[in-house]
Amino acid sequence: QVQLVESGGGLVQPGGSLRLSCAASGSIFSIYAMGWYRQAPGKQRELVAAITSGGSTNYADSVKGRFTISRDNAKNTVYLQMNSLKPEDTAVYYCNADITSRVGSSWYDYWGQGTQVTVSS
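Bear in mind that the values here come from a model prediction, so they are computed numbers and not experimental data.

### Regarding the state of the cysteines
Point 1. Following the criterion strictly, the structure yields 1 disulfide and no others.
Point 2. Here C22 connects covalently by a disulfide to C95, the sulfurs 2.1 Å from one another. With the S-S bond torsion at -80 degrees, the cross-link from C22 to C95 turns out left-handed. Placement of C22 in strand 3 (residues 18–26) and of C95 in strand 9 (residues 91–100) is noted, with a sequence separation of 73 residues between them. For the pair shown, C22 and C95 are each scored as buried.

### Points about the side chain of D89
Point 1. Following the sequence through the fold, D89 ends up in the loop between strand 8 (77–82) and strand 9.
Point 2. Residue classification places D89 among the buried residues on the basis of a relative accessible area of 1%.
Point 3. Ignoring anything within four residues of it in the chain, the contact list for D89 reads R38, R66, F67, S84, V117 and V119.

### Some points on the pattern of salt bridges
It is possible for side chains bearing opposite charge to pair when their charged atoms get close.
Point 1. By the definition in use, this model includes 4 salt bridges.
Point 2. Residue R38 is joined to E46 by a salt bridge in which the shortest nitrogen-to-oxygen separation is 2.7 Å.
Point 3. Among the residues examined, R38 registers a relative accessible area of 7% and is labelled buried.
Point 4. By relative accessible area, which is 35% here, E46 ends up partly exposed.
Point 5. Note that D89 is salt-bridged to R66, the shortest N-O span being 2.8 Å. You can see D89 sitting in the loop between strand 8 and strand 9 and its partner R66 sitting in the loop between strand 6 (57–59) and strand 7 (67–72), a full 23 residues away along the chain.
Point 6. Among the charged side chains, a network of salt bridges with common partners joins R38, E46, R66 and D89.

Thresholds applied
Residues numbered from 1 in each chain as written. Predicted model: local features only at pLDDT ≥ 70, side-chain atom pairs only at ≥ 80, totals over all residues. Heavy atoms only, no water. Disulfide = S-S within 2.5 Å. Helix = DSSP H or I, 4+ residues; strand = E, 2+ residues; numbered from the N terminus. Buried < 20%, exposed > 50% of the residue type's maximum accessible area, 1.4 Å probe, protein only. Contact = heavy atoms within 4.5 Å. Salt bridge = Lys/Arg side-chain N within 4 Å of Asp/Glu carboxyl O.

That is the geometry; function is a separate question.
Structural data, given as C-alpha cells:
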C-alpha cells in the first residue's frame, strides 16, 4: 500500500507565497515522476508542475517563473514553492506520483487527498 500525504496549503494574500509538500510512504521500490495538479471549482484538473527522478521539470505556462518544483529522492518527497500568488491560483492542489513497489512490477499512478490553496485579500 502506498500513501501520498500533502501539507502546506492555506489562505494567502495576492503576491504572497506558500510551500506545498507531499511525502510518499508505504511499499515503494522506486518513484519516477512526481508532480502537482490543481482543480478549481467548475474546472478540469490541470498539471501545474512535474519532476522526474533525474530532475527534469515541466511547468504549466501560467505558473512559469512563479512556481518551483523540487524533490528529495531520499525522503520520497516533492515540494512546490509558489511565489507571487494570484487569485486565479486558488484551487485544490493534488500530489501525484508514478511508483513501483518492486523490481519488475508494474508502475502505478497514485494521488494525494488534496490541499486547498486560497489566494484572496
